Every structure is written in structure tokens, then in C-alpha cells.
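Here's the letter readout for the chains.
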Amino acid sequence: MTGSAAAGAGIRNGAAAAPVIAIDGPTASGKGEIARRVAQLLGWHYLDSGALYRVTALAALRAGIALDDEGGLAALARELPVSFAGERILLGGQDVGDHIRRQEVGSAASQIATIGAVREALGVLQRGFRRWPGLVADGRDMGTVVFPDADLKVFLTASVDCRARRRHKQLIEKGFSANLPSLLQELCERDARDTNRALAPLRSAQEALVVDSTQMTIEEVLERIVQEHRRRNG
Ligand code: CDP
């Protein structure tokens, strides 16, 4: 799936815009896995908006652009040579799916995500994913900023310990070394940065369905969301 620029939400060019399910939440809350599976179940498109922040961060690290160089980062985000091939995410044609999951790339992503011009450029890219029959999008501001007219908004969370343990397991499974106490600390720092930033801070949309997955299995979370979607759509 490749993102092409498209105008904002709601009615576009006189035609009804495709429906959107927005799934937002803090780091390692399971949004990615859940959103991907909801999209699969419904046969809809899927957008991992965090991956775009991560790819921009990776490109900046590789190009030696400082993480506080707003002009350089904005230009990079506007010209980002990113594309999607099924589940694969490519930067300049190279599969970077595993590289962008590294801890330092996540941390850099949350730093550049505080820059307005970067968010604007990636927002254009993100709205381009809204296509029929529908889109499931996960991130921090999908329901609050990028798709404010989303048909269903979910705020997925879990306790910080639970999220650190899940992220630790995920990194180990991918063959990366990971240390639980340092992960926990990094997660708390990222939560604080994402929640307290001035632009598009992490928060639950007022009308969002809040799901705390601390004591739930992936299947239970999935069922809760799909049930709510079906209830609203008859
Ligand atoms: O997987 P994880 O939840 O750790 O992070 P991610 O969703 O891949 O996003 C990485 C970083 O990008 C986050 O810490 C946010 O700072 C930023 N981000 C954002 O600002 N807005 C989004 N819609 C998605 C991600």
C-alpha cells in the first residue's frame, strides 16, 4: 500500500470518504497488532502511522540530520522516499521493517514527532491511506487530529509494567538484545514526551471507546472492537 496525498477528512471531491477506525494509545499498548488484525478481519486497509515517524527518524539518523534541526527534518519528511509492499516498509527501496523497531529509533521518532512541520508532512501522507472499503489507522492522534471524523475511535492502553514486558518479549523475538529496566525507563520517558508535547499530544478522544488490555488477551481486545464496530453498523 502506498500513500498518495489526499485532502482532509469527511466529504472529499463531493464523494463520501471511506470509513475509518482510529486506534490510539501509548507505546507498546498493542495497537499495531490489534489494528492490523481488525483490518484483516474487515478486509480494510491498514495504516501504522508510527512507522512513518520511525522511518523519518531512521532516515534522519542515517543522513546525520540533528534531531532538533526542524528545517532539515521537515524537508526530509516532505520528500520521504517511503513505500509499502504488503507488510513490508521500504525506505529508498530497502526493507527497513526491522531497523525501525530498534529502541533508539523509537526514541528518535518521539523526539521528531514534537515538530509541527514534520507532523504536517506526515499527516498529508497518512490521509492518503483513506480508501474504500475502509481504513484502520493506529497511532497517537488518529482520532483526535488526523481523522477527527473517524467512525469509531478506540483508546487502547495497559499498565506501564505490562507494556514494558510485552515490548521486551517482542524485541527478543525479533532477535534484538533488550533490557527490561532500561526499556521500562525509556517507555516512561516516551509516554511523558508524547503526552506532554504541545502538538497533537497523546490523549483519548472524548468519544473514544477506552480499552485497558492489561488483563485481556489479544483475542478479547479484538472481539471488543469488532463487536463495537458491528453494533454501530447494524
Ligand atoms: O510502537 P510504539 O507504540 O512504541 O511507537 P510507534 O507507534 O511506532 O510510534 C513511535 C513514535 O512516533 C511515538 O513515540 C510517537 O512519539 C510518534 N507518533 C506520533 O507522534 N503520532 C502518531 N500518530 C504515531 C506515532
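Going by the structure above, here's the rest.
Attention in this report is confined to the structure presented alongside it. (Residues numbered from 1 in each chain as written. Predicted model: local features only at pLDDT ≥ 70, side-chain atom pairs only at ≥ 80, totals over all residues. Heavy atoms only, no water.)

**Notes on empty space enclosed by the protein**
Piece 1. Within this structure, the stated rule accounts for 2 cavities of 30 Å³ or more.
Piece 2. Here the largest cavity is characterised by a volume of approximately 50 Å³.
Piece 3. In terms of lining residues, the largest cavity is bounded by Arg54, Arg101, Arg102, Gln103, Gly106, Arg167, Leu171, Leu183, Glu186 and Arg190.
Piece 4. Elements that contribute at least two residues to the lining of the largest cavity include exactly helix 4 (103-112), helix 7 (160-173) and helix 8 (180-196). (1 Å grid on protein atoms, 1.4 Å probe; cavity = no way out; pocket = protein on both sides within 12 Å on 5 of 7 lines; lining within 4 Å. Points joined across faces, edges and corners; volume = space filled by probe spheres on them. Helix = DSSP H or I, 4+ residues; strand = E, 2+ residues; numbered from the N terminus.)

**Topic: the site of the ligand**
Piece 1. Neighbouring residues of the ligand: 20 residues in total, closest Thr27, Arg54, Arg119, Arg190 and Asp194.
Piece 2. Contacts to the ligand include alanine 28, whose backbone N or O atom sits 3.4 Å from an oxygen atom.
Piece 3. The separation between an oxygen atom of the ligand and a polar side-chain atom of lysine 31 is 2.9 Å.
Piece 4. The protein chains hide 97% of the 530 Å² of surface that the ligand would expose on its own.
Piece 5. At the level of elements, helix 2 (49-63), helix 4 and helix 8 are the ones that each hand at least two residues to the shell around the ligand. (Near = heavy atom within 4 Å. Polar contact = N/O pair within 3.5 Å; in protein donor to acceptor, adjacent residues only side chain to side chain. Areas by Shrake-Rupley, 256 points an atom, 1.4 Å probe, with all protein chains shown as cover.)

**Observations regarding the packing of aromatic side chains**
Piece 1. Scanning the model with the defined rule gives 1 aromatic pair in all.
Piece 2. Consider the rings of phenylalanine 84 and phenylalanine 129, whose centres lie 5.5 Å apart with planes at 90°: the pair is edge-to-face. Highlighted residues: phenylalanine 84 in strand 5 (residues 82-85) and phenylalanine 129 in the loop between helix 5 (116-127) and strand 8 (135-139), separated in sequence by 45 residues. Each member of the pair phenylalanine 84 and phenylalanine 129 is classed as buried. (Phe/Tyr/Trp six-rings, centres within 6.5 Å; stacked < 30°, edge-to-face > 60°. Buried < 20%, exposed > 50% of the residue type's maximum accessible area, 1.4 Å probe, protein only.)

**With respect to the sheet that holds strand 3 (residues 20-24)**
Piece 1. Spatial strand order, 4-8-3-9-10: 5 strands in an open sheet with parallel pairing. Across the chains shown, the open sheet's two edge strands, defined by having one partner strand only, are strand 4 (45-48) and strand 10 (209-212). Within the sheet, the average angular offset between the axes of one strand and its neighbour, ignoring direction, is 20°.
Piece 2. Across 4 bridges, the pairing between strand 3 and strand 9 (residues 152-157) is parallel. Looking at strand 9, one finds that aspartate 24 is bridged to phenylalanine 155.
Piece 3. Sitting on the sheet, helix 2 is in contact with strand 4 and strand 8, with an inclination near 45° to strand 4.
Piece 4. Contacting strand 3, strand 9 and strand 10, helix 9 (residues 218-232) crosses the sheet at an angle of about 165° to strand 9. (Pairing = 2+ DSSP bridges. Axes fitted to C-alpha atoms, helices over the stretch in contact; angles between N-to-C directions. Contact = heavy atoms within 4.5 Å.)

**Some words on the packing of helix 1 (residues 31-42) against helix 9**
Piece 1. Contact pair helix 1 / helix 9: the axes reach a minimum separation of 10 Å and the direction vectors enclose 50°. In terms of axis orientation, helix 1 runs oblique to helix 9. The two elements helix 1 and helix 9 meet at a crossing, and its hand is right-handed. Between helix 1 and helix 9, the residues in contact are Glu33, Ile34, Arg37, Val38, Leu41 and Leu42 and Ile218, Glu219, Val221, Leu222, Ile225, Val226, His229 and Arg230, respectively.
Piece 2. The class makeup of the residues in the contact of helix 1 with helix 9 is 9 nonpolar, 1 polar and 4 charged. (Parallel < 35°, antiparallel > 145°, perpendicular 65-115°, else oblique. Left-handed = near helix turned anticlockwise from the far one by under 90°. Nonpolar A, V, L, I, M, F, W, Y, C, P; charged D, E, K, R; others polar.)

**A few points about helix 1**
In an α-helix, one full turn covers 3.6 residues, which means residues spaced three or four apart are oriented alike.
Piece 1. For helix 1, spanning 12 residues, the distance from its first C-alpha to its last is 16 Å, which sits close to the expected 16 Å at 1.5 Å a residue.
Piece 2. Elements that come into contact with the buried residues of helix 1 comprise strand 3, strand 4, strand 8, strand 9 and helix 9.
Piece 3. At the C-terminal side of helix 1, glycine 43 shows a positive phi close to 75°. (Expected span 1.5 Å × (residues − 1).)

**A word on the side chain of lysine 31**
Piece 1. Tracing the sequence through the fold places lysine 31 in helix 1.
Piece 2. Notably, lysine 31 is buried but unbridged: the nearest opposite-charge side chain belongs to aspartate 138, and the N-O separation is 4.8 Å.
Piece 3. In terms of polar contacts, lysine 31 uses its side chain to reach the backbone carbonyl oxygen of glycine 25, at 3.5 Å.
Piece 4. Lysine 31 has contacts with Ile23, Asp24, Gly25, Pro26, Asp138, Gly139, Arg140 and Leu156, leaving out every residue within four places of it along the chain. (Lys, Arg positive; Asp, Glu negative; His and termini not counted. Salt bridge = Lys/Arg side-chain N within 4 Å of Asp/Glu carboxyl O.)

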